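Residue-level listing of the chains:
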Amino acid sequence: MADDMTTRLAEITANLDNYIEARAWEIAAPRIAAAEARAEQQVAELKDEHARTQQRSADLEKELRRQIKALDGHMNQCPEVARKRAAWRGGQHV
């Protein structure tokens, strides 16, 4: 009789462990899926933001180079400035 009770108790314990494990997964699975979905959305948003930032940086660099080129051309139109710039580039600081 003690052996039967021990066997029965072992079966109940095993079933209880299996039940707890199954319920834990039932409860956790939707939460894990939701957390993964949020993480994927955040990663996608960060990638989009990074792409926009990279594009803004490229656009700003392009605009700055355009303005520098225009300024350089404008400055070379003035003979005195052009002479001083040429002297500066040649190492003859005026």
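What you see is a predicted model, and the numbers here were worked out from it, not measured in a lab.

### Some points on the packing of helix α1 (residues 2-77) against helix α2 (residues 79-89)
Part 1 of the reasoning: Remark: α1 packs on α2, axes separated minimally by 5 Å, with the N-to-C direction vectors making an angle of 110°. The angle between α1 and α2 falls in the class roughly perpendicular. Side by side, α1 and α2 meet where Asp72, Met75, Asn76 and Gln77 of the first sit next to Pro79, Val81, Ala82, Arg85 and Arg89 of the second.

### Some details on the environment of Ala28
Part 1 of the reasoning: Along the polypeptide, Ala28 turns up in helix α1.
Part 2 of the reasoning: Note: C-alpha distance between Ala28 and Ala86 (58 residues apart in sequence) is 73 Å.

### A few points about the pattern of salt bridges
Part 1 of the reasoning: For the structure shown, the criterion picks out five salt bridges.
Part 2 of the reasoning: A salt bridge links Glu11 to Arg8; the nearest nitrogen and oxygen atoms lie 3.6 Å apart. Here the residue Glu11 and the residue Arg8 both occupy positions in helix α1, the gap between them amounting to three residues, near one helical turn.
Part 3 of the reasoning: Exposure remark for Glu11: the relative accessible area of 42% places this residue in the partly exposed category.
Part 4 of the reasoning: Taking relative accessible area as the criterion, Arg8 reaches 47% and is therefore assigned partly exposed.
Part 5 of the reasoning: Here Glu26 makes a salt bridge to Arg23, at a shortest N to O gap of 2.7 Å. Within this pair, Glu26 and its partner Arg23 are both found in helix α1, separated by three residues, close to a single helical turn.
Part 6 of the reasoning: Residue classification places Arg23 among the partly exposed positions, given a relative accessible area of 34%.

Thresholds applied
- Residues numbered from 1 in each chain as written.
- Predicted model: local features only at pLDDT ≥ 70, side-chain atom pairs only at ≥ 80, totals over all residues.
- Heavy atoms only, no water.
- Axes fitted to C-alpha atoms, helices over the stretch in contact; angles between N-to-C directions.
- Helix = DSSP H or I, 4+ residues; strand = E, 2+ residues; numbered from the N terminus.
- Parallel < 35°, antiparallel > 145°, perpendicular 65-115°, else oblique.
- Contact = heavy atoms within 4.5 Å.
- Salt bridge = Lys/Arg side-chain N within 4 Å of Asp/Glu carboxyl O.
- Buried < 20%, exposed > 50% of the residue type's maximum accessible area, 1.4 Å probe, protein only.

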